[in-house]
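# Close look at the chain arrangement
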Amino acid sequence: IFTVLGAYSSLFLVQVAQMPPLFATSIIFGSRVVDVFCNFVLGPLIDRTNTRWGKTKPWIVVSGLFMIVANLLIFYVPDVGTEGKLAWYIVMYSLMMLAMSGFAISYRTLVMFMSNESAERDSVILYRAVLGLGGVVGGVAMHGQILASYKRSEFDPCTNNTNSSVDGSSLEMTKAGYMISAATVCCLYLLCLLAMVLGTTERKDIS
């Protein structure tokens, strides 16, 4: 989700959401500031967490589900005018950064609570890296292919050229493509999240 969001945020905000470039830059930069702040706040909170499900898994589940919802809402274009969309995307991107920070910290910390053996931890890190790379490649490929299928209406096969401007129907098709792509990537992410939560064990005797 993070890779797709980072790669397509600027294009989506300017070309699809029809935001001025200055507003789009402000939204993305502001979300990074929120991300830095969240890293300082969430780390100690995760460290103090102690539940029957473990220290990190509750954060992984909750923040992962928030990421799914936020990702869908980020790629939705509300009909509220430029100022309204600016407020909408500031809130959505801030929530996404909050969820991503909670997930990233807890996800990377989980390996420390899975085993005392350094060799086993190294093996887990290797599997995590390989599967993570596969998820990134699969998510980006799915997103690109879905968008490409919805943008083919901008090409006129009769005149063998592309339209000089994006008309209303083409823009609506592109919006639909982003929403369907976001939903597809979120479904893939949900499957990976379930596999990780159900397929790993967090030991409570490791502190």
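Residues numbered from 1 in each chain as written. Predicted model: local features only at pLDDT ≥ 70, side-chain atom pairs only at ≥ 80, totals over all residues. Heavy atoms only, no water.

Further remarks concern the layout of surface pockets. Taken as a whole, the largest pocket encloses approximately 1200 Å³ of empty space. Considering the residues around the largest pocket, the lining is formed by 35 residues, among which Phe103, Tyr107, Arg128, Gly132 and Tyr189 are closest to the centre. Of all the elements in the fold, those that place two or more residues in the lining of the largest pocket are α1 (2-16), α2 (21-48), α4 (81-110), α5 (118-150) and α6 (168-199). Of the residues forming the lining of the largest pocket, the biggest block, 9 residues, is contributed by α5. When grouped by side-chain class, the residues that make up the lining of the largest pocket number 24 nonpolar, 8 polar and 3 charged. Every residue along the wall of the second largest pocket is listed here: Leu42, Trp59, Val62, Ser63, Phe66, Leu95, Leu98, Ala99 and Gly102. (1 Å grid on protein atoms, 1.4 Å probe; cavity = no way out; pocket = protein on both sides within 12 Å on 5 of 7 lines; lining within 4 Å. Points joined across faces, edges and corners; volume = space filled by probe spheres on them. Helix = DSSP H or I, 4+ residues; strand = E, 2+ residues; numbered from the N terminus. Nonpolar A, V, L, I, M, F, W, Y, C, P; charged D, E, K, R; others polar.)

Counting residues in hydrophobic clusters, the biggest one holds 37 residues, and the most contacted among them are Ile1, Leu5, Phe12, Met67, Tyr89 and Met96. Those residues in contact with phenylalanine 12, other than ones at most four positions away along the chain, are Ala17, Ile74, Phe75, Tyr76, Val77, Tyr89 and Tyr178. (Core = buried A, V, L, I, M, F, W, Y, C linked by side-chain atoms within 4.5 Å. Buried < 20%, exposed > 50% of the residue type's maximum accessible area, 1.4 Å probe, protein only. Contact = heavy atoms within 4.5 Å.)

Keep in mind that these numbers describe shape and distance, not what the molecule does.
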